[in-house]
Amino acid sequence: MGKAEEFEELRPLLFSIAYRILGSVSEAEDAVQETWLRYDRSVTRPVSVKSYLSAAVTRIAVDVLRSARVRREEYAGTWLPEPLLDDPYQDPARSAELADSVSTAALLLVERLSPLERAVFVLRDVFAFGFAEVAAAVGRSETACRQLLVRARRHMREGRPRFAADERERAELAGRFFDALKNGDVAALRSVLAADVRLVGDGGGKTPPARGLVGADPVARLLAGAYPLMARIGVTFEPCEVNAGPGAVFRDRDGKVLHVVALEVGDGRIRTVRAVLNPDKLAHLGPVADAWAVDAELSALRRALS
């Protein structure tokens, strides 16, 4: 097998490692491409191509993360990870770990970790690399990596949601949520939302301000009032899996991506509704809608109806 074939066989794994460290599809794809360029230029053949490439993409992702730290600290509004609809890497033996680690909630917890803690946690706990491989990837001793992992696990454990939900419960609640949204049914929406549900939006300062709300009644009223109006100007949505959980892609009348919604479910209720509106975080899904134009059309419709 040639270099290119070896690399393409491992590309899904490399992307999945980089995405979990960076929380960005575009940055992960760039990290994978840089890994290929370095591998293609290399004149030595590694003993384990998988270990070599995994270490390379990890180091590149960590460097990207360090260089982006100031930019992320200065990010306008709430930062959410770029939505991932399909994880290209699958491993039946670790399906639970892979799904959990790519959830929006988990990626937000990973944001609390240092770059090295992220890398060690992702390589060891998500992809089950041995400590020798992890140490080689991050340039630290095995003892140091064990200490980094202990700290990372503690931070992740402390921030975990208290209530878990199985796949069937998530699907059932999501179906009721999106049916109620489509019908503008406040009562039905309220019935699936936790009392302290949070509505969170990430526009990155590049869309009309995304409102943040807390509480079942205000969130239900806002959502029930918003979507029927959006539907009147041709906005549609398609329920789908977003970061291994229930969600939907919203599109304008021309089929361009307007935003992506992800639902966090626990204890029989929807606990968080997260919407990614920043066009920079949607470009990998296809042509992106003009959110300002859609907002202007909605405002005109509200005036006409008032």
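Please read these numbers as outputs of a predicted model, since none were measured by experiment. (Residues numbered from 1 in each chain as written. Predicted model: local features only at pLDDT ≥ 70, side-chain atom pairs only at ≥ 80, totals over all residues. Heavy atoms only, no water.)

(A) Spotlight on the pattern of salt bridges. This model, assessed by the stated rule, comprises 15 salt bridges. The partner of Glu8 in a salt bridge is Arg11, and the shortest N-O contact between them spans 2.8 Å. Here Arg11 and Glu8 lie together in helix α1 (residues 3-22), a separation of three residues that amounts to about one turn. The class for Glu8 is partly exposed, based on a relative accessible area of 44%. For Arg11, a relative accessible area of 29% corresponds to the partly exposed category. Across the salt bridge formed by Glu297 and Arg253, the nearest N and O atoms sit 2.7 Å from each other. Note that Glu297 is positioned in helix α13 (residues 291-305) and Arg253 in the loop between β4 (245-251) and β5 (257-266), a separation of 44 residues in sequence. Glu297 gets classed as partly exposed once you look at its relative accessible area, which sits at 30%. When salt bridges that share partners are traced, they join Arg190, Asp217 and Arg221 into one network. (Salt bridge = Lys/Arg side-chain N within 4 Å of Asp/Glu carboxyl O. Helix = DSSP H or I, 4+ residues; strand = E, 2+ residues; numbered from the N terminus. Buried < 20%, exposed > 50% of the residue type's maximum accessible area, 1.4 Å probe, protein only.)

(B) Up close: the nonpolar core. Counting 51 residues, the largest nonpolar core has Ile17, Tyr19 and Phe127 as the members making the most contacts within it. Contributions of two or more residues to this core are made by α1, α2 (25-41), α3 (49-67), α6 (104-110), α7 (115-126), α8 (131-138) and α9 (142-159). Counting residues per element, this core draws most heavily on α1, at ten residues. In this structure Tyr19 touches Ser24, Val25, Ala28, Pro81, Glu82, Pro83, Leu84, Val102, Leu107 and Asn243, once residues within four positions along its chain are discounted. Core analysis: the next-biggest nonpolar cluster, separate from the first, contains 39 residues, Ala194, Val235, Leu263 and Val273 among them. (Core = buried A, V, L, I, M, F, W, Y, C linked by side-chain atoms within 4.5 Å. Contact = heavy atoms within 4.5 Å.)

(C) Local environment of the packing of aromatic side chains. In total, this model carries ten aromatic pairs according to the counting rule given. Between the aromatic rings of Phe177 and Phe178, the centroid separation amounts to 5.1 Å while the plane-to-plane angle is 85°, which identifies the pairing as edge-to-face. Pair check on accessibility: Phe177 and Phe178 agree, each one buried. A ring pair is formed by Tyr227 and Phe237, whose centres lie 5.0 Å apart and whose planes are at 75°; its orientation type is edge-to-face. Note that Tyr227 is positioned in helix α12 (residues 216-232) and Phe237 in strand β3 (residues 236-242), a separation of ten residues in sequence. On the accessibility criterion, Phe237 (12% relative accessible area) is buried. Aromatic rings pair up to connect Phe177, Phe178, Tyr227, Phe237 and Phe250 into one cluster. Across from the ring centre of Phe129, 5.5 Å away, lies the NZ or CZ of Lys50, which sits over that ring. Here Arg146 stacks its cationic end above the ring of Phe131, 4.0 Å away from the centre of that ring. (Phe/Tyr/Trp six-rings, centres within 6.5 Å; stacked < 30°, edge-to-face > 60°. Lys NZ or Arg CZ within 6 Å of the ring centre and 35° of its normal.)

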